[in-house]
Protein chains: 2
Amino acid sequence: MIDINKAIEGLDWNRAPRGLYEPIEYTLASGGKRLRPTLTLIAAETIMNGGLLNGDAIEHVLPAALALEVFHNFTLLHDDVMDKAEVRRGRPTVHVKWNDNTAILSGDQMLIEAYKLLSDVPADKLPQVLKWFNEMATGICEGQQYDVDFEHMSQVSIDDYMMMIEKKTSVLLAYAMKIGGYIAGATPEQQEALYQYGLHIGLAFQIQDDILDVYGDPKTFGKAIGGDILCNKKTFLLLTALENADAESKAELLQWLMATDCDKEKIAAVTALYNRLGVREAGETVMEEHTAEALAQLDKLPQNKATEQLRELAEQLVTRTK
Amino acid sequence: MIDINKAIEGLDWNRAPRGLYEPIEYTLASGGKRLRPTLTLIAAETIMNGGLLNGDAIEHVLPAALALEVFHNFTLLHDDVMDKAEVRRGRPTVHVKWNDNTAILSGDQMLIEAYKLLSDVPADKLPQVLKWFNEMATGICEGQQYDVDFEHMSQVSIDDYMMMIEKKTSVLLAYAMKIGGYIAGATPEQQEALYQYGLHIGLAFQIQDDILDVYGDPKTFGKAIGGDILCNKKTFLLLTALENADAESKAELLQWLMATDCDKEKIAAVTALYNRLGVREAGETVMEEHTAEALAQLDKLPQNKATEQLRELAEQLVTRTK
């Protein structure tokens, strides 16, 4: 397959004014999994029956793949301002290295750059791809808003939470798949299977993220364990604990949620409560259900090397440690 | 002509989550001149030989007109955060009424909404319109960055300034015209004339803005006179004064630029220097040149009621008082 990192490095940001484009270059050079454009390209390969993407085929699919990656990085840039996050992928965030205004404006330009890349989608496919891209982008913003809203709500159901992460995380993976397949000529049924695959691995991915934040190996996880617990983040684990707990455990949990200045004790106590309430197992069950659902979608697609890659990718998600 | 205000009011923002969409509704309900969508519609009417836009014709042009207005309001929303502006069109700005994060996220969604509207441009015209829209949006962000850069530069030439306002203000008016004409079937020569008309009225408009900020009638201007002088804004007037001044006047001007805590005196003294150096007349000359250039473009277009409206609009710009 085409080297997506090279394609991203190949984007030319050597333009004036530097104050606008340098932070974009910086953001895109910071690495990351490149999961979204990879999904777009593999989805296209699957539909082309495992045919290697080259020549015209690459030119048709690559703009959308790059647009999705640039868009994803735009959301991280603006999220980091809103969350006051200081580090991303081991480097200072843009609003720390420069300032908030730079992060806002360069982020805006990055969103526009995503649409510029998208405008190179073949003309006959562009109207549909643009509509889906807009739906995806809307989902992300709505998901982000729900995430903010949930912080201030005393009661959030697990259904609410699943709806939120579907918008905030899964819809981008779902459309990355669907758009790649559509450009490569997928039938409506195949498009739907690709979409559902992306949606379900996204949900599994996010729940695994919640689990790793508590149960991950500090050596491989890359960030401090228990961060979600310390900031009382309404994760799948916390919401499940609140939903499953008897009165006594619930009181104890709520007590710990109010605790500050005792980080180690708080992490240990909440983790012990999670263990007692079996929330890790509950999370793993839901995660495995979504992984199974994603895998089932693949049966509706041509079976080839690319489909095999998608199968491996879904299975890796469940067993990943970082 | 179709009532553009009604069309904007007709956009439905009654969606969840409210925290995302309420600020968008609030921003678009705050009025404004609706100059950009009006230009798009008149440009289309001119090309259709003054034919009233109705039925299919409206459906073809309106999405782009609305996209441009939503985009323009998005730029105001984010600009107000970056400038820490507290009032816009007589009402608290979004980041004051809500908070910075809301202004960032709802602004992002507003930019996406502009692209959603744009996706309803007829499919055969969409690829070209999307490319132009992206160029326009890029120009605005680049212009905003130059504006910020200029604040920190000791030397800014009038050429630099004109380049900046061309990007920050004119390009949007230019593309509003060109896109409207293109959708209505303008020839490449007509498209270029429409573009140039928009570009030159934009330049005239911005210089008139700079003049009114110093020489406007407080009763009609709507904001305090001398605001640009107080914050040492590098306007056409200040840059011309710095360029035209002899050593003595320049020293006096630079002295006043450093003055604080003496608002009335500073405004009076700088205005007196402007009077002595004839910068108002210099501004009016350049403004009139651009207005004349805009009017000259109209001769290349079909002559009809809509072209007449464009002629009146250009002339109104030169004589406007607010």
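Before any of the text, the structure's been laid out above.
Parameters and conventions
- Residues numbered from 1 in each chain as written.
- Chains lettered and ligands numbered in written order.
- Predicted model: local features only at pLDDT ≥ 70, side-chain atom pairs only at ≥ 80, totals over all residues.
- Heavy atoms only, no water.
- Helix = DSSP H or I, 4+ residues; strand = E, 2+ residues; numbered from the N terminus.
- Rg over C-alpha atoms; globule rule 2.2 N^0.38 Å.
- Areas by Shrake-Rupley, 256 points an atom, 1.4 Å probe, with all protein chains shown as cover.
- Lys, Arg positive; Asp, Glu negative; His and termini not counted.
- Charge placed at Lys NZ, Arg CZ, Asp CG, Glu CD.
- Expected span 1.5 Å × (residues − 1).
- Buried < 20%, exposed > 50% of the residue type's maximum accessible area, 1.4 Å probe, protein only.
- Least-squares fit on C-alpha atoms with pLDDT ≥ 70 in both.
- Contact = heavy atoms within 4.5 Å.
- Buried area = accessible area lost by both parts, 1.4 Å probe.
- Salt bridge = Lys/Arg side-chain N within 4 Å of Asp/Glu carboxyl O.
- Core = buried A, V, L, I, M, F, W, Y, C linked by side-chain atoms within 4.5 Å.
- Phe/Tyr/Trp six-rings, centres within 6.5 Å; stacked < 30°, edge-to-face > 60°.
- Polar contact = N/O pair within 3.5 Å; in protein donor to acceptor, adjacent residues only side chain to side chain.

Asks: Help me understand the overall build of chain A, please; the structure alone is not making it clear to me.
Replies: Regarding its fold elements, chain A presents 16 helices and two strands. The C-alpha atoms of chain A give 20 Å as radius of gyration, which agrees with the globular expectation for 322 residues (20 Å, within 12%). Here chain A has roughly 13400 Å² of accessible surface; of this, 50% comes from carbon and sulfur atoms. Averaged over its 31 positive side-chain charges, chain A has a centre that lies 4 Å from the centre of its 49 negative ones.

Asks: Sorry, what's going on with helix α9 (residues 188–215) of chain B here?
Replies: The α-helix advances 3.6 residues per turn, and as a result positions three or four apart in sequence lie on the same side. If you check α9 of chain B, its first and last C-alpha atoms are 40 Å apart, about what 28 residues at 1.5 Å a residue would give, namely 40 Å. For α9 of chain B, the tally of buried residues reaches 24 of 28 residues, placing the bulk of the element in the interior.

Asks: What is the right way to read helix α7 (residues 126–151) of chain B from this model?
Replies: With 26 residues, α7 of chain B extends 38 Å from end C-alpha to end C-alpha; this agrees with the ideal 38 Å at 1.5 Å per step. Among the 26 residues that make up α7 of chain B, 20 are buried, leaving the element largely enclosed by the rest of the structure.

Asks: When you look at the relation of the copies chain B and chain A in this model, what are you seeing that I'm missing?
Replies: Here the second copy of the chain follows from the first by a rotation about an axis and a shift along it. Overlaying chain B with chain A gives an RMSD of 0.0 Å, the required rotation being 180° about an axis along which the chain moves by 0.0 Å. On the angle and the small slide along the axis, the relation comes out as a two-fold axis. Interface residue correspondence from chain B to chain A reaches 100%, placing this contact among same-surface, isologous pairings.

Asks: Before we go on, may I ask you to explain the interface of chain B and chain A in this structure?
Replies: Interface size is commonly expressed as the accessible surface area that is lost when the partners come together. Each side of the interface is counted separately: chain B has 34 residues, and chain A has 34 residues. Buried area between chain B and chain A, both sides added, is near 3400 Å², and the carbon and sulfur share of it is 68%. Counting the surface chain B buries against chain A, the share from its top three residues, M82, L105 and I112 of chain B, is 17%. Joining chain B to chain A, the criterion identifies two salt bridges.

Asks: Explain unusual backbone geometry here, please?
Replies: Most peptide bonds take the trans form, and the phi angle of most residues other than glycine is negative. Along the chain, A16 of chain A connects to P17 of chain A via a cis peptide bond; the corresponding omega equals -5°. Tracing the sequence through the fold places P17 of chain A in the loop between α1 (4–9) and α2 (18–28). Phi is positive for R34 of chain B, close to 55°, though the residue is something other than glycine. Secondary-structure assignment places R34 of chain B in the loop between α2 (18–28) and α3 (35–47). Classification of R34 of chain B by relative accessible area gives buried; the value is 5%. Positive phi is not limited to glycine here, since R89 of chain B has a value of about 50°. With respect to the helices, strands and loops of the structure, R89 of chain B is situated in the loop between β1 (87–88) and β2 (91–92). Residue R89 of chain B is classed as partly exposed on the basis of its relative accessible area of 31%.

Asks: I would appreciate a short explanation of the pattern of salt bridges in the present structure.
Replies: Opposite charge on two side chains permits pairing when their charged atoms draw close. The full count for this structure, using the stated rule, is 26 salt bridges over all chains. A salt bridge links R18 of chain B to E25 of chain B, with the shortest nitrogen-to-oxygen separation between them at 3.3 Å. In this structure R18 of chain B comes out as partly exposed when scored by relative accessible area, which is 30%. One network of salt bridges, in which partners are shared, links R15, E113 and K116 of chain A.

Asks: Is there a simple way to explain the nonpolar core in this structure?
Replies: One recurring pattern in soluble globular proteins: nonpolar side chains tend to sit buried together. One finds L39, F71, M136 and Y197 of chain A together with L39, F71 and Y197 of chain B to be the most contacted residues of the largest nonpolar core, which totals 157 residues. Setting aside chain neighbours within four positions, we find M136 of chain A in contact with L68, F71, V171, L172 and Y175 of chain A. Residues Y146, M164, I165 and I267 of chain B belong to the second largest nonpolar core, which totals 33 residues.

Asks: What exactly am I supposed to notice about the packing of aromatic side chains here?
Replies: Scanning all chains against the criterion turns up 17 aromatic pairs over all chains. The interplanar angle of 75° and the centroid separation of 5.0 Å between the aromatic rings of Y175 of chain A and Y195 of chain A together place this pair among those described as edge-to-face. In this pair, Y175 of chain A sits in helix α8 (residues 158–183) while Y195 of chain A sits in helix α9 (residues 188–215), placing the two residues 20 residues apart along the sequence. Residue classification places Y175 of chain A among the buried positions, given a relative accessible area of 6%. Measuring from ring centre to ring centre gives 5.6 Å for F71 of chain B and F133 of chain B, while their planes differ by 80°; the resulting arrangement is edge-to-face. Of this pair, F71 of chain B sits in helix α4 (residues 55–83) while F133 of chain B sits in helix α7; the two residues are 62 residues apart in sequence, bridging distant segments of the chain. We note that F71 of chain B, like F133 of chain B, is buried. These aromatic residues form a ring-pair network of at least three members: F71, F74, Y115 and F133 of chain A together with F71, F74, Y115 and F133 of chain B.

Asks: What am I meant to see in the environment of V214 of chain B here?
Replies: Residue and element names in this part refer to chain B. Its place among the elements puts V214 in helix α9. Taking the C-alpha atoms as reference, V214 lies 13 Å from G278; in sequence the two are 64 residues apart. Residues contacting V214, with those up to four places away along its chain left out, are I225, I229, L237, T271 and Y274.

Asks: What should I look at first to understand the environment of L242 of chain B in this one?
Replies: All names here are of chain B. Inspection of the secondary structure puts L242 in helix α12 (residues 236–244). Separated by 194 residues in sequence, L242 and M48 have C-alpha atoms that sit 47 Å apart. Filtering out sequence-adjacent residues up to four positions away, L242 remains in contact with K250, L253 and L254.

Asks: Mind showing me how you'd approach the side chain of N134 of chain B here?
Replies: Relative to the elements of secondary structure, N134 of chain B occurs in helix α7. Within the structure, the side chain of N134 of chain B is placed 2.6 Å from the side chain of Y115 of chain B, a separation counted as a polar contact. Excluding its chain neighbours within four sequence positions, the residues that come into contact with N134 of chain B are I112, Y115, K116 and S119 of chain A together with Y115 of chain B.

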